[in-house]
Amino acid sequence: MLGALSVSVLAFIALMAVTVFAKAWPSFAHNGIKWFFPGGDVDQQLGAIIQGPKDPAHYNYYLRAWPLIWDTIMTTGLAVAIALVVSVLAAVFIVELAPTSVRRTIDPVVRLLAAVPSVVYGLIGILAIAPWLERAFISEQRKHSVHEVVQLTGSNLTLAVLILALMITPIMVAIVVGALETVPRSWTEGSAALGVNRWRTMWRVSLRTVRPAILGAIVLATARALGEAIMLSMVGGSRAFPVNPLDGTTFLFEPVRPLAATIIVYIDGISVVPLEQTLYAMAAVLLVSCAFLSLAAWAVKQPMKKYGIRT
Amino acid sequence: MAGEPHVLPSPAAVRKARPRDSVGSWPLIDRVAFGLCWTVGIGLCVAAAAIIVFMFVKGIAYVRPSLLIESPQAGASEATSGGFLDPLVGTLLLTASGTAIAAPLGVATAVWLSEYARPAALARAVESGVETIAGSPSVVLAIFGLFVFSRPFLAFLSQTSAGGSVFGRSFLTAGAIMAMLALPLIVGATREGLAQVPGHVREASYALGKSKITTIRKVLLPSVRPNIAGGVTLAMGRIVGDTAIVVILLGATLHLEGAGGPPILSTLRGTGATLTSYVKYNSPAGEGNAPEKAYAAAFVLLIMVLALNALVTRLTSGREGRSDRFLAWAWLPNWRSR
Amino acid sequence: MSPATPPRARRIALDREPTLAEDRHRSPLGHPIDELRVAPPSGAAPPAAASVSASRRNGLQDRPSIPPATVTERMAIEAVSLAYGEKWVVREVSLPVRQGEVLALIGASGSGKTTLLRSLNRLTEITAGATRAGRIALDGQEIESMEVNELRRRVSMVFQQPNPFPMSIFENVAYALREEHAPGRRRRRRSRRELEPEVIDALRRAGLYEEVAADLDHPALRLSGGQQQRLCIARALAVKPEVLLLDEPCSALDPISTATIEQLIVGLRSDVAIVIVTHNLQQAMRVADHVAFMHLGELVEYGTSAQMFDSPRNQRTRDYVGGAFG
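Our subject in this report is the structure included herewith. (Residues numbered from 1 in each chain as written. Chains lettered and ligands numbered in written order. Predicted model: local features only at pLDDT ≥ 70, side-chain atom pairs only at ≥ 80, totals over all residues. Heavy atoms only, no water.)

## Concerning the overall build of chain C
- When helices and strands are tallied, chain C shows 11 helices and 10 strands.
- Taking the contacts inside chain C whose residues are at least 6 apart along the sequence as the reference set, 70% of them involve residues at least 24 apart.
- In the form shown here, chain C has an accessible surface area of approximately 13,200 Å², with 52% of it arising from carbon and sulfur atoms. (Helix = DSSP H or I, 4+ residues; strand = E, 2+ residues; numbered from the N terminus. Contact = heavy atoms within 4.5 Å. Areas by Shrake-Rupley, 256 points an atom, 1.4 Å probe, with all protein chains shown as cover.)

And the structure:
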């Protein structure tokens, strides 16, 4: 009986996967590979889908979702990159460099940052930080330079990336610290006895040993970042605009709307069948990305086993 | 040493504060790394302090006890009148229903994985399954839930509109999906606890002639009660803080709208709001545009979450190693079981 | 002795035995350290020693080789007391550490010998609450005033459990070599080809080269226990230290590996001053030139190996050597 209950978990996942892909299929079928290509304003296209014919034979599925995908890549990629550096440095600080009194403070701090609900992060971002960003960095000239294409506000890529990085840092710190504490003392002591300073010991022995855990942390953090919908819908800005690095520093202040945020923003229209299927298509892309991440992490860990690094 | 015992001064008198190693003689790049580590460490503390202080300041400015007991009032006077009683009740209701569904399922799964786990391939699959759920975006879980609970045969869990389509949004349905969110945490915590029970305890019970089920019920589960409690509290914290599922599966009405019928069942089958959706609604990103209310509700939300987390510390202190506690705070399933 | 007792252990004999210019049977206790200074037979040794220290500090590698049959004092332990927390675990111990000979620290568990050993390269500082009183000098300079990492490159340590890093053999031995830098200056990036001769030399001195020459990229953790310990010795020797500290290096190994390593130790003593902590009396008999017996933190007796095992002066030494306690 216990077994049956446990297997229900598997049934849930299987059902979920099947449902998502089945419902996503029409959207992909009608757009083909061009679903992933750029081509016009996503918000307009989604609006057209909602307004489109109600007759099943003539559903409108037209979507060129590249802006959403690009925004997802940019926000997730930048946030994870920043969080990775910050987390590794913080983990080294916590495990090795912090005096005991500071260590006692920083444990609850990390716990706190992990516990804050995403909507609170979103609120602080949109009410406190966005206006400051707008005042400090978005001058009239900057706005004017792109005003034909997009409106710049305080809710933009920078804000989204910074808050997202802050949200996923505690996860990574927790994993890396846990792994660093399992590095055998004999190695760190041996390295110290060879006259290697604390930072270099960390870098060349401890961090090298916990590379699998760091990879795992990256995977988990990326999955979290991919799935973050509410906070990003609040602070990302008003439009699904593919941020353009060629705009120079202005690109930092362009609005973003990643996939998960788009689903949340358009959820009210889910009663419209073609939109529902389009949203499922986006969900399918998210699911496949998460699965692909796990697989990639597993594959990269295999060669590390050779030198005795426990994965 | 021949002769009289030599009396040495106490170590404390001799001990001088000595630095462990002279960072000043490290190569420049190492000193830069050292400085960066310190900056990041202190920076995180500053960021956390800033968030707390900011929310407290805003919260204390806008929270009044009346907010907690009045219902929200929609319309033009939203910004200046009404409270968030309904969202508060909604949060409590949703958390309770989510945990009520997740706890038995989670404990059962954990017990099966820990004590039975045959066939092995199935056990590995279930393990991977739990981790997959943990890694799935909550939006995806939510829209899947919407689909499932819109099926006619599950209509009893929510309301049916006049046109015959099942609404699919209610506390029960949202609770069910919240349970999925909570499941990996409870499974992880329980498994961790069960793994720490030494083998000889089980052997002693079997030697006395007790069956496996009895052993589990009478011996193992009572001994991992703190772990289960910790996992459940962690799960509650996670549920309280989630917004996406609420927005999608709770019907987004400001008040608790019952579905008609017997009182409690009516509310559970009805729609409503939670503190999280209320905050979003009142933020500039939502329709309400009453930032003071949003701050007040967010403040209450934060207090709830912090209280729950403090409770987890109390429940699990001394039972787990420090690194496990650390992991738990990031709401991760048991990493070590990989 | 009854016929059932095993034969007495014999010293491992090498071609050249070290000669000391001073009276072997004088205990150092209570006598000023100067009396123990060995007069160098040729004028080469002390200037060589001084220039070695100076060149070490500039981070250069070359050093003149010391004639094998002379013994030079390298470290002076003067009235050293060590405490963990509030308890003194080593009480006012004075010993000389000389290049050209092996000093064995023997005693029962808890006698403080490992703590004393670890204080010689300031490894005790890693533990919080460790206190040291007294003076330890390396080539005349108080080790407290040296930069700790430079000290540890001059005084290397091999631990009880072999602890090779999870890297290849080459990288293990080259590990400390890659870290060398002058104080405050940047490290030089050294290519594999540049490091190879030093790595091979260290492996040779540790008696491991023949066995691993075929594949230096073999994972170190896949070596056998004895090979791993020799790898750790090679790693410690790679930076050409002046003193080598060995903390019960063979206690985790089988007899054959033990014999190999003991041969190694005796062979190394002309290049490096060696201090070995051992609870195995027969091992001390086999490898040591001078033996210091410690009990409950105090130095009970110090003397040559022959004298300590054949005719110990102190009753407690007699009891320990005779097996009355351990």
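## A look at the interface of chain B and chain A
- Every contact between the two is made by 78 residues of chain B and, on the other side, 78 residues of chain A.
- In this assembly, chain B packs against chain A so that about 7,000 Å² is buried in total across both faces, 82% of it on carbon and sulfur atoms.
- Counting the contacts that link chain B with chain A gives zero salt bridges.
- When grouped by side-chain class, the residues that make up the side of chain B that touches chain A number 59 nonpolar, 13 polar and six charged. (Buried area = accessible area lost by both parts, 1.4 Å probe. Salt bridge = Lys/Arg side-chain N within 4 Å of Asp/Glu carboxyl O. Nonpolar A, V, L, I, M, F, W, Y, C, P; charged D, E, K, R; others polar.)

## Here we look at the interface of chain C and chain A
- If you look at the interface, chain C gives 28 residues, while chain A gives 22 residues.
- Buried area between chain C and chain A, summed over both chains or domains, comes out near 2,200 Å², and the portion from carbon and sulfur atoms is 56%.
- It is P166(C), Y175(C) and E179(C) that lose the most area in chain C upon contact with chain A, and together they represent 26% of the buried surface on that side.
- Where chain C meets chain A, there are four salt bridges.
- One salt bridge in this structure joins E171(C) and R204(A), with 3.9 Å as the shortest N-O distance.
- At the junction of chain C with chain A, the criterion picks out nine residue pairs in polar contact (both at pLDDT 80 or more).
- Where the side of chain C that touches chain A is concerned, the elements lending two or more residues are α3 (148–154), β6 (155–158), α4 (169–178) and α7 (225–237) of chain C.
- When residues in the side of chain C that touches chain A are grouped by element, the largest group, four residues, is from α4(C).
- Split into classes, the residues belonging to the side of chain C that touches chain A amount to 14 nonpolar, four polar and 10 charged. (Polar contact = N/O pair within 3.5 Å; in protein donor to acceptor, adjacent residues only side chain to side chain.)

## Regarding the pairing of strand β1 (residues 72–84) of chain C
All names here are of chain C.
- Burial of β1 is extensive: 10 of the 13 residues sit out of reach of the surface.
- Strand direction decides the pairing type here: β1 and strand β2 (residues 87–99), joined by nine bridges, are antiparallel. Across the sheet, the residue bridging to I77 is L95, located in β2.
- Following β1, the chain reverses through two residues before pairing antiparallel with β2; G85 in that reversal takes a positive phi of roughly 70°. (Buried < 20%, exposed > 50% of the residue type's maximum accessible area, 1.4 Å probe, protein only. Pairing = 2+ DSSP bridges.)

## A few points about the side chain of S233(A)
- Mapped onto the elements of the fold, S233(A) is located in helix α11 (residues 230–235).
- By relative accessible area, S233(A) is classed as buried at 13%.
- Only 2.7 Å separates the side chain of S233(A) from the backbone oxygen of I230(A), close enough to count as a polar contact.
- With residues up to four places along the chain from it excluded, the contact list for S233(A) reads A261(A), I264(A), V265(A) and K280(B).

## Details of the packing of α7(C) against helix α8 (residues 255–268) of chain C
Residue and element names in this part refer to chain C.
- Relative to each other, α7 and α8 sit at 20°, their axes nearing to 9 Å. Overall, the two elements α7 and α8 adopt an arrangement that is roughly parallel. With respect to the hand of their crossing, α7 and α8 are arranged in right-handed fashion. Where α7 abuts α8, its residues G226, Q229, R230, I233 and L237 lie against S257, T260, I261, L264 and L268.
- Classifying every residue of the contact of α7 with α8 gives five nonpolar, four polar and one charged. (Axes fitted to C-alpha atoms, helices over the stretch in contact; angles between N-to-C directions. Parallel < 35°, antiparallel > 145°, perpendicular 65-115°, else oblique. Left-handed = near helix turned anticlockwise from the far one by under 90°.)

## Topic: the side chain of T76(A)
All names here are of chain A.
- By the element assignment, T76 lies in helix α3 (residues 66–97).
- A polar contact of 2.8 Å, which involves the side chain of T76, links it to the backbone oxygen of T72.
- Every residue in contact with T76, bar those within four places of it in the chain, is listed here: T222, A225 and L226.

## Some remarks on the nonpolar core
- Among the nonpolar cores identified, the biggest contains 258 residues, and F12(A), W35(A), M282(A), I248(B), L203(C) and L244(C) are the most heavily contacted of them.
- Among the elements that make up this core, the one with the highest residue count is helix α7 (residues 157–180) of chain A (17 residues).
- In contact with F12(A), other than residues within four places in its own chain, are I133(B), L141(B), F144(B), I177(B) and M180(B).
- In terms of nonpolar packing, the next biggest core, distinct from the first, is built from 33 residues, A193(A), L105(C), I143(C) and V155(C) among them. (Core = buried A, V, L, I, M, F, W, Y, C linked by side-chain atoms within 4.5 Å.)

## With respect to helix α2 (residues 42–51) of chain A
Residue and element names in this part refer to chain A.
- Along α2, the residues that are buried comprise V42, D43, Q45, L46 and I49. Along the axis of α2, the buried residues cluster in a sector spanning 165°; they form a single face. Facing away from the buried surface of α2 by more than 90 degrees, the exposed residues are Q44 and Q51.
- Each element contacted by the buried residues of α2 is listed here: α3, α12 (259–265) and α13 (273–301).
- Among the residues of α2, the N-terminal cap falls to D41, whose side-chain oxygen and the backbone nitrogen of D43 are separated by 2.8 Å. (Arc of directions from axis to C-beta.)

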